[in-house]
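Report on the structure
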Amino acid sequence: MSTKEYDYTQLKKCGIDTFISVNVEIRRPHLVSVGSHTAIDSGFYCTVSADIEDYIHIAPYITVIGGAKGYLKMCHFSTIAAGSRIICGSDDHMGAGLVGPTIPLEFQDNLTIAPVVFEKFANIGTGVVVMPGVTLAEGTVVGANSLVTKSTEPWTVYVGSPARPVKSRPKEKIYEYARKMGYQV
Ligand SMILES: CC(C)(COP(=O)(O)OP(=O)(O)OC[C@H]1O[C@@H](n2cnc3c(N)ncnc32)[C@H](O)[C@@H]1OP(=O)(O)O)[C@@H](O)C(=O)NCCC(=O)NCCS
């Protein structure tokens, strides 16, 4: 383990064999739990509450926004590749008010705040944007640079903006290996 590490004691919970870079900004660490065998790399910026389970990789420069009411869940073996953005809350931008968190409450736009969930084995490529309320079903893969606006079907590969299904993803080997590692599937 490097000596330059995050202060894990700030977190709600942290498992074993987990690495979090010192160069992250977790705005509400008391609302974030992290499991075991997980790595969170440099540049992670997170404003929401989160439950991050085991064998997760959050690659460099990932933004998770949505504020105190936003929520991200990452189930075992899910991953986010470099530079992706997870939007758990956003202004609606439809004219109901002025936009941005610095606007006084009475003049603010409507907000959509809804959890983003990565079910087990869901993996997203680099530069992907995921919108509020999306559940990436078990085994979903999202191709690089895609925009995910709707929840996905299990074991399906999605690409594009907006992301569309292009093929299915075999699960047998993944299940076999996860079972051998002691995880129920
Ligand atoms: C989605 C992905 C896994 C699919 O890989 P694949 O099975 O080899 O895909 P294919 O080449 O068979 O592509 C299927 C179709 O989707 C298209 N496609 C693939 N990836 C795409 C992407 N990211 N965006 C848009 N279209 C894409 C292909 O052009 C192809 O279209 P066509 O049938 O019209 O020719 C891969 O393209 C990808 O994006 N991987 C993520 C890489 C990454 O970010 N890794 C993390 C590193 S930190």
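What you see is a predicted model, and the numbers here were worked out from it, not measured in a lab. (Residues numbered from 1 in each chain as written. Predicted model: local features only at pLDDT ≥ 70, side-chain atom pairs only at ≥ 80, totals over all residues. Heavy atoms only, no water.)

1. Some words on the overall build of the protein
Note the cut-off: Segments assigned H or I by DSSP are reported as helices when at least four residues long, segments assigned E as strands when at least two residues long, and all are numbered from the N terminus. The globule rule used for comparison is 2.2 Å times the number of residues to the exponent 0.38, while the radius of gyration itself is calculated over C-alpha atoms. We call a residue buried when its accessible area falls under 20% of the maximum for its residue type, exposed when it is over 50%, and partly exposed in between, using a 1.4 Å probe and counting protein chains only. Any two residues having at least one pair of non-hydrogen atoms within 4.5 Å are treated as being in contact. Working definition of accessibility: Shrake-Rupley area with a 1.4 Å probe, residue cover restricted to the visible protein chains. For the purpose of charge, His is not counted, nor are the chain termini; Lys and Arg are scored as positive and Asp and Glu as negative. A charged residue contributes its charge at one atom only: NZ of Lys, CZ of Arg, CG of Asp or CD of Glu.
Along the backbone of the protein there are 1 helix and 22 strands. Computed over the C-alpha atoms, the radius of gyration of the protein is 17 Å, within 12% of the 16 Å expected from 2.2 N^0.38 for a compact globule of 185 residues. Projected onto its principal axes, the C-alpha coordinates of the protein cover approximately 55 × 45 × 25 Å. Expressed as a percentage of its 185 residues, the buried residues of the protein come to 46%. Partitioning the contacts of the protein with sequence separation of at least 6, the portion at a separation of at least 24 is 21%. Carbon and sulfur atoms provide 56% of the accessible area of the protein, an area that totals close to 9,500 Å². Taken together, the 17 basic and 17 acidic charged side chains of the protein have centroids lying 5 Å from each other.

2. With respect to the site of the ligand
What counts is decided by this rule: Think of it this way: one heavy atom of a residue within 4 Å of a molecule or strand is enough to make that residue near it. Side-chain atoms alone can form a polar contact between residues adjacent in sequence; in general such a contact is a pair of N or O atoms within 3.5 Å, and within protein one must be able to donate a hydrogen while the other accepts it. Note on residue classes: Ala, Val, Leu, Ile, Met, Phe, Trp, Tyr, Cys and Pro are nonpolar, Asp, Glu, Lys and Arg are charged, and everything else, Gly too, is polar.
In the vicinity of the ligand, the contacting residues are Ala81, Gly125, Thr126, Gly143, Ala144, Val157, Val159 and Lys167. In this structure, Thr126 approaches the ligand through a main-chain N or O atom, which is 2.8 Å from an oxygen atom. Between a nitrogen atom of the ligand and a main-chain N or O atom of Ala144, the distance comes to 2.8 Å. Contact with the protein chains covers 36% of the free accessible surface of the ligand, which is 920 Å². When the residues that make up the shell around the ligand are grouped by side-chain class, the tally is 4 nonpolar, 3 polar and 1 charged.

3. Observations regarding the sheet that holds strand β7 (residues 49-52)
Heads up, the condition is: Two strands qualify as a pair provided that DSSP identifies no fewer than 2 bridges between them.
Pairing is parallel across the open sheet formed by 6 strands, whose spatial order is β1-β4-β7-β10-β15-β18. Edge positions in the open sheet fall to β1 (13-14) and β18 (135-136), since each of these has one partner strand only. Across 3 bridges, the pairing between strand β10 (residues 71-74) and strand β15 (residues 116-118) is parallel. The partner of Lys73 across the bridge, within β15, is Val117.

4. Re the packing of aromatic side chains
We apply this condition: Put simply, two rings from Phe, Tyr or Trp (the six-membered ring, in Trp's case) pair if the centres are within 6.5 Å, and we call them stacked under 30 degrees between planes, edge-to-face over 60, tilted for the rest.
Counted according to the given criterion, the structure contains 8 aromatic pairs. Ring geometry for Tyr55 and Phe77: centres 5.4 Å apart, planes at 5°, overall stacked. Placement of the pair is Tyr55 in the loop between β7 and β8 (57-58) and Phe77 in the loop between β10 and β11 (79-80), with a sequence separation of 22 residues. In this structure Tyr55 comes out as partly exposed when scored by relative accessible area, which is 30%.

5. Considering the side chain of Asp54
So the rule is basically this: A pair is scored as a salt bridge if a Lys or Arg side-chain nitrogen falls within 4 Å of a carboxyl oxygen belonging to Asp or Glu.
Of note, Asp54 is situated in the loop between β7 and β8. No salt bridge is formed by the buried Asp54. Its closest oppositely charged neighbour is Lys13, at 7.2 Å. Separated by 2.8 Å, the side chains of Asp54 and Tyr183 make a polar contact. If near-sequence neighbours (up to four positions away) are discounted, Asp54 is found in contact with Gly35, Ser36, Thr38, His76, Phe77 and Tyr183.

Function-wise, these values are silent; they only describe arrangement.
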